[in-house]
Protein chains: 2
Amino acid sequence: MIVDGRTIAAEIYADIAKEIQAASISPRLAVITCAPTPATVQYLALKERKAKEVGITMVTVTLPEDTSTDACVEEIQKAVETADSVIVQLPFPSHIDIDGVLAAVPPSHDADALNPETTAVLSPVVAACKEILKRNEVAIAEKHVTIIGSGRLVGKPAAKWFADMGAAISVVTKDTADLPYYTMHADIIVSGAGVANLITPEMVPEGVIILDAGTSEDGGELRGDASPACSEKASLFTPVPGGIGPVTVALLLRNVVTLALTK
Amino acid sequence: MIVDGRTIAAEIYADIAKEIQAASISPRLAVITCAPTPATVQYLALKERKAKEVGITMVTVTLPEDTSTDACVEEIQKAVETADSVIVQLPFPSHIDIDGVLAAVPPSHDADALNPETTAVLSPVVAACKEILKRNEVAIAEKHVTIIGSGRLVGKPAAKWFADMGAAISVVTKDTADLPYYTMHADIIVSGAGVANLITPEMVPEGVIILDAGTSEDGGELRGDASPACSEKASLFTPVPGGIGPVTVALLLRNVVTLALTK
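Engineer: Pulling in residues and values, what's your account of the packing of helix α5 (residues 124-135) of chain B against helix α8 (residues 244-261) of chain B?
Structural biologist: Residues and elements named next belong to chain B. As a packed pair, α5 and α8 sit with axes 8 Å apart at the nearest point and diverge in direction by 110 degrees. In terms of orientation, α5 and α8 fall into the roughly perpendicular class. Pair α5 / α8 crosses with right-handed handedness. Of α8, the residues touching α5 (which contributes Pro124, Val125, Ala127, Ala128, Cys129, Glu131 and Ile132) are Ile244, Val247, Thr248, Leu251, Leu252, Arg254 and Asn255. Here the residues of the contact of α5 with α8 are counted per class, giving 10 nonpolar, two polar and two charged.

Listed below in C-alpha cells is the structure:
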C-alpha cells in the first residue's frame, strides 16, 4: 500500500487547529536559518503557510553566511524570549559549530528535538514514522529495522527510537558494503540518505515496509531514496513527494502546540 | 588470538599509578550500591583492591533494599561533595528510578559515563573495547559491528560509540530471531547479553573479532556469552574471565584519575 502522507497531514492539521482554538492560545514559532539554499527557502515557505493555516505565527530570522557560532547562539537566545518554539533550519554553513548551536535551544522550545536533552517531544521525522506505523497497526517490538543514514535529522533519532521500542536495528549508510544484506533482512526500512534510487526492488524482501525520509533533487524533481518500483514489493511504502515529508511538517507544528501548552 | 586482559590491565594500572604520583593527587572514588548481591560485593572488593594499589581511595556506601529513589539521590549528592568520582553500582532494586539516580551523578564525577550528558570520559566497557582494538591495530570505520544486548552498561554505549566511529552497526538481543544472520556478517561482535554459550562457532565467520563483555555464572564459574570454542575461528577473542573485564576495571580507575585531574 502506498501511504498518502498528504491526507494524513491534513487530518493532523485539522486536529491542531481545533486544539489551538479550544485552548485559546496563539503559539509562536521562530525559525533561525543561515544562508538558506533555494530548496530551504521553499521548504520554509511551506512551513509558514501551514503554520498560518492552523493558527501558529511563524517568524524567520535569516542570518548571512559569515555569521559566527556565537552570533547564532545569541539569535536563538533572543528568539527564546518571544517564541514558544525555536527551530534551527539545517543545513548551516560548515564553519558553524552545529552541536553548540543546537544545544542553545532549550528543551522547552525544541520542537525539532535536536537538542539531546529534549524529551517532551519526538523528532518530527520519527513521530511521522510512528504515526504511519500506528495508523497501519504495525507492531515494532522484535521487528528488524534497517536504518540507512546516521544524520541528525533521520538516522540518529530513528535508531534511538526504534531501539527503545524493542526492535533489532541496523544502522548503515549509503556507503556500507553489502547494503542489500541489511535491506533484504529488514521488516522495516527507514531511509534518510538523500540518494535517489539507492534502494531498488531487488534489494528488499516481499512485504517490507519502506519509510522513505530521504530527499534529493533531480532536475527540479524531488526524489526519495527508494525507487518508486519498490512499492510493488512493499506492504507499506511512503512515496517522495507526498509520503513522510508532509506528515513530518504537520508533526513539527503539533510539537509547537505541545510545547506551547506546557508553558 | 586470545586477548590477555589481565596483562593489559596491569600495564594500565602501572600508568595510572605513575600519573597519580606525578600529579601529586589523591583521587577519591565513592561507590553507591543498594542491596548488593554476593557477586556485586565480590566485584566491589576487586575494584577497591585495585584502587588502593594505584593510589585511589574508594569508599562504598551500601544502601538497604527499601531505600527510596530520593534517598539514593541524596546519597549521591553527599558523595559528590567529598569524592572526585561517584559511581552507582548496578543492578539496583526494581522499585528505584534508575534514570533519575544516574542523572544525579554530575558529568564532572561520572567515571562510569552513565549520565547521558557525560562527555569527558568514555564508558569503561567501551573504553576497554577501544583499547583492545587499538592495541591490535584494528580500524573501525566501515566495519560491520554486531552488538548483542541493549543495556546501559554495554549495548547502548557501544552502539553509540561504534556508530560515531563510522561503523555499520546492528543492535540485536539474545531474543532476536535469526541472531546468526547478524553474527555471521559481522567483522566485530560486541556481546553484553549475560547468557552463557549464546554465541557458538557455527554462528560466526572465520576471522571475526569477538569482544565478550557478557558475564553470567554457572555453578560458581564465570562465563562469557561466547563459547570458548569460538576462539578457534576468531582473529581476536576476549575470554571470560580474563578478557574485557579486567581492562574495564582498569579503565574505570583511569576515568577516576582523568576526572580528578580536570578539577
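There is more to say after this.
Engineer: Could you give an account of unusual backbone geometry, with specific residues and numbers?
Structural biologist: Residues and elements named next belong to chain A. At the junction of Leu90 and Pro91, the peptide bond is cis and its omega measures out at 0 degrees in the coordinates. Among the secondary structure elements, Pro91 is positioned in the loop between β3 (85-89) and α4 (98-103). Unlike most non-glycine residues, Ala35 shows phi in positive territory, near 50 degrees. Residue class for Ala35 comes out partly exposed when judged on its relative accessible area of 30%.

Engineer: Lay out the sheet that holds strand β5 (residues 168-172) of chain A with the relevant residues and their values.
Structural biologist: Read from one edge to the other, the open sheet built from 10 strands follows the order β10(A)-β7(A)-β6(A)-β4(A)-β5(A)-β5(B)-β4(B)-β6(B)-β7(B)-β10(B), with strand pairing classed as mixed. Lying at the two open borders of the sheet, with one neighbouring strand each, are β10 (236-237) of chain A together with β10 (236-237) of chain B. Here strand β4 (residues 144-148) of chain B pairs with strand β6 (residues 188-191) of chain B via four bridges, running parallel. By the bridge assignment, Thr146 of chain B is partnered in β6 of chain B with Ile189 of chain B.

Engineer: Residue-level account of the nonpolar core, with values.
Structural biologist: Among the nonpolar cores identified, the biggest contains 106 residues, and Phe162 and Val190 of chain A together with Phe162 and Val190 of chain B are the most heavily contacted of them. Beyond its immediate sequence surroundings of up to four residues, Phe162 of chain A is in contact with Cys129, Leu133, Ile140, Val145, Ala167, Ile169 and Val190 of chain A. Listed in part, the 20 residues of the second largest apolar core include Ile32, Val73, Ile98 and Val101 of chain A.

Engineer: Go over the interface of chain A and chain B with me, naming the residues and quoting the values.
Structural biologist: Opposite the 17 residues of chain A that make contact, chain B presents 17 residues. Broken down residue by residue, the surface that chain A buries against chain B is led by Tyr181, Tyr182 and His185 of chain A, which jointly contribute 36%. Counting every contact that joins chain A to chain B gives two salt bridges. Asp164 of chain A serves as the salt-bridge partner of Lys156 of chain B, at 3.5 Å between the closest nitrogen and oxygen. Remark: the boundary between chain A and chain B carries 10 residue pairs in polar contact (both at pLDDT 80 or more).

Criteria and thresholds
- Residue indices begin from 1 for each chain and proceed along its sequence in written order.
- Each chain takes a letter, starting from A, and each ligand takes a number, starting from 1, following the order in which they are written.
- The predicted nature of this model means local features are confined to residues of pLDDT at least 70 and side-chain atom pairs, given and counted, to a pLDDT of 80 or more, with totals for whole chains, interfaces and linings taken over all residues.
- Processing note: side-chain calculations cover all non-hydrogen atoms of the structure and skip hydrogens and water entirely.
- Each axis is a line fitted through C-alpha atoms, and for a helix only the stretch in contact is used; angles between axes span 0 to 180 degrees, taken between their N-to-C directions.
- Think of it this way: any DSSP run of H or I at least four residues long counts as a helix, any run of E at least two long counts as a strand, and we number them from the N terminus.
- Under this scheme an angle from 65 to 115 degrees is roughly perpendicular, one under 35 degrees roughly parallel, and one over 145 degrees roughly antiparallel; angles in between are oblique.
- Should the near helix be turned anticlockwise from the far one by less than a right angle, the crossing is termed left-handed; should it be turned clockwise, right-handed.
- Contact criterion: two residues are considered in contact whenever any of their non-hydrogen atoms come within 4.5 Å of each other.
- All amino acids are sorted into three groups, where Ala, Val, Leu, Ile, Met, Phe, Trp, Tyr, Cys and Pro are nonpolar, Asp, Glu, Lys and Arg are charged, and the leftover types, Gly among them, are polar.
- Each residue is assigned to one of three classes by its accessible area relative to the maximum for its type, calculated with a 1.4 Å probe on protein chains only: buried under 20%, partly exposed between the two thresholds, exposed over 50%.
- Should DSSP find at least two bridges between two strands, the strands are taken to pair.
- Among buried residues, the Ala, Val, Leu, Ile, Met, Phe, Trp, Tyr and Cys ones that are joined through side-chain atoms within 4.5 Å form a nonpolar core.
- Two parts placed together each lose some accessible area under a 1.4 Å probe, and the buried area is that loss summed for both.
- For salt bridges, the criterion is a side-chain nitrogen of Lys or Arg within 4 Å of an Asp or Glu carboxyl oxygen.
- Nitrogen and oxygen atoms within 3.5 Å of one another constitute a polar contact, given that in protein one can donate a hydrogen and the other can accept it, and given that sequence-neighbouring residues count only through two side-chain atoms.

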